[in-house]
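Fold and geometry: a report
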Amino acid sequence: METKLQLHGFNNLTKSLSFNIYDICYAQTEEQRKAYIDYIDEMYNAERLTQILSDVVKIIGANILNIARQDYEPHGASVTMLIAEHEVTGPEANNEESPGPLPDTIVAHLDKSHVTVHTYPESHPHEGISTFRADIDVSTCGLISPLKVLNYLIHSFDSDVVTVDYRVRGFTRDVDGTKHYIDHDINSIQNYLTEDTQNAYQMIDVNVYQENLFHTKMMLKEFNLDNYVFGVNASDLDPALAQSIEERLKREMLEIFYSRNVE
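The structure displayed is predicted, hence computed values, not measured ones. (Residues numbered from 1 in each chain as written. Predicted model: local features only at pLDDT ≥ 70, side-chain atom pairs only at ≥ 80, totals over all residues. Heavy atoms only, no water.)

Let's shift gears to the overall build of the protein chain. Looking only at helices and strands, the protein chain has five helices and ten strands in total. Taking all 263 residues of the protein chain together, 48% fall into the buried category. Counted over contacts in the protein chain with a minimum sequence separation of 6, partners at least 24 positions apart contribute 73%. Accessible surface computed for the protein chain: about 13,400 Å², of which carbon and sulfur atoms make up 47%. (Helix = DSSP H or I, 4+ residues; strand = E, 2+ residues; numbered from the N terminus. Buried < 20%, exposed > 50% of the residue type's maximum accessible area, 1.4 Å probe, protein only. Contact = heavy atoms within 4.5 Å. Areas by Shrake-Rupley, 256 points an atom, 1.4 Å probe, with all protein chains shown as cover.)

So, in C-alpha cells, the structure goes:
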C-alpha cells in the first residue's frame, strides 16, 4: 500500500508463511547412512531448533508465551512456540517488499502469534540417497509480514531445495468501513530474498494474485559433489562411480523441485 492505512480497531489479517527445506546427501553404506542421520539429529535437535525459532520470533517481533519441544526416536524433532500479540510499541512494522535481516542483524519490535518446525531425516538403501526435510510455519496476525524471516531461515539450514508458500487471509477495515484483504504490496516472494540468495538458486513462481496466494520453488544452482557425499571424499571415488552418484543426486533434487518422479 502506498499510504498507511488508518484502521478501525485491530488489524485482523492473518499472514502465513509455510516452507519446506531439503538437504540431500549420498551415503552408500548402512554405517554411513546411520552416521548421516545421527549427524542431522545432533545438528537440528530440539534445543538447536528452539534457538532458531527464538531468533525468528525476534525478527517478526514477539513475546514467547509457551514453548513445546520434543526429540523423537529413532530420529526427528519438533518445536512449537505460542506468542503474545500487542500493538506496536517500538519502531513501526516494515512490510516493504524487500529482504529481511540475516542472522547477525536481528531486531525485535512487536508481538505476533505462532511458529513451528518439524524435522524429517530420511534414508533408504536404494541408490544411497538420504534426505533431511524441515517444515517451518510462521503465522502472524496484524501488521508485520513473516516474509522477513526468509533470509535468516534459508541461511540457518543447508538448503538444496526450498518450497515457500505465503498467503494472506481474512480482512481488516479502515476507519471508513472499507474492507482490505491485504495491507502491503507484494509481487513475488523472491523480492524478500537477498541478491546473493537469488543468484544462488534457480527459482520458479506460481502466484494467484487475486487470492493473495504466493508460491516460490528454489533449487541450488551450484553443484559440488564434495558437499553431498557423506563419509568419503569425492576425489577418492572412482570417476565412473562419482559421475553416477552426481547423476543420482541431481535427479533427486529435480524430483523434489518439480514434485514428480523422473523416469
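Caution applies to low-pLDDT regions: their predicted coordinates should not be interpreted in detail. The predicted model of the protein chain averages 84 in pLDDT, with 83% of residues at 70 or higher. For the protein chain, the element scoring lowest by mean pLDDT is strand E7 (residues 172–173), at 83; strand E10 (residues 213–220) scores highest, at 97. For the stretch residues 87–93, pLDDT sits under 50, and the model shows eleven contacts to residues farther than four places along the chain or on other chains. Here residues 101–111 is modelled with pLDDT under 50, and outside its nearest four sequence neighbours on either side it reaches 38 contacts, counting other chains as well. (pLDDT = per-residue confidence, 0-100.)

Taking 1.5 Å of rise per residue, the 20 residues of helix H5 (residues 239–258) would be expected to cover 28 Å, and the 28 Å separating its terminal C-alpha atoms lies within 8% of that figure. The set of residues buried in H5 consists of Ala242, Ile245, Arg248, Leu249, Met253, Glu255, Ile256 and Phe257. Looking at the packing, one finds that the buried side of H5 touches strand E1 (14–26), strand E5 (129–141), strand E6 (161–169), strand E9 (201–208) and E10. Where H5 starts, the residue carrying a side-chain oxygen 3.0 Å from the main-chain nitrogen of Ala240 turns out to be Asp238. Note on H5: the residue one or two positions beyond its end, Ser259, has a positive phi of about 55°. (Expected span 1.5 Å × (residues − 1). Polar contact = N/O pair within 3.5 Å; in protein donor to acceptor, adjacent residues only side chain to side chain.)

A separate point is the side chain of Lys217. Turning to its location among the elements, Lys217 is positioned in strand E10. This buried residue, Lys217, is left without a salt bridge; Asp165 holds the nearest opposite charge, at 9.2 Å. At a separation of 3.1 Å, a polar atom in the side chain of Lys217 contacts the main-chain carbonyl oxygen of Phe257. Filtering out sequence-adjacent residues up to four positions away, Lys217 remains in contact with Val162, Thr163, Gln202, Met203, Ile204, Phe257, Tyr258 and Ser259. (Lys, Arg positive; Asp, Glu negative; His and termini not counted. Salt bridge = Lys/Arg side-chain N within 4 Å of Asp/Glu carboxyl O.)

What follows covers the environment of Glu30. As for its placement among the helices and strands, Glu30 is situated in helix H1 (residues 30–43). When its relative accessible area of 54% is taken as the criterion, Glu30 is described as exposed. As a C-alpha pair, Glu30 and Gly128 span 98 residues in sequence and 8.9 Å in three-dimensional space.

Core analysis: the biggest nonpolar cluster contains 48 residues, and Leu17, Phe19, Val115, Leu150, Leu153 and Phe157 have the highest contact counts within it. With eight residues, helix H2 (residues 46–60) is the largest single contributor of residues to this core. Leaving out residues up to four positions away in the same chain, Leu17 has contacts with Ile136, Asp137, Val138, Pro146, Leu147, Val149, Leu150, Val164, Asp165 and Tyr166. The next biggest cluster of nonpolar side chains, apart from the first, holds 18 residues, and it includes Val161, Phe223, Val229 and Ala234. (Core = buried A, V, L, I, M, F, W, Y, C linked by side-chain atoms within 4.5 Å.)

Here we come to unusual backbone geometry. Omega for the peptide link from Glu73 to Pro74 comes to 10°, which places this bond in the cis form. Tracing the backbone shows Pro74 in the loop between strand E2 (63–71) and strand E3 (77–84). The phi torsion at Asn212 lies on the positive side, around 55°, for a residue other than glycine. Looking at the secondary structure, you find Asn212 in the loop between E9 and E10. Look at Asn212 and you get buried, because its relative accessible area is 12%. A positive phi is found at Ser259, a non-glycine position, where the angle reads about 55°. Along the polypeptide, Ser259 turns up in the segment after H5. The exposed category is assigned to Ser259, whose relative accessible area is 57%.

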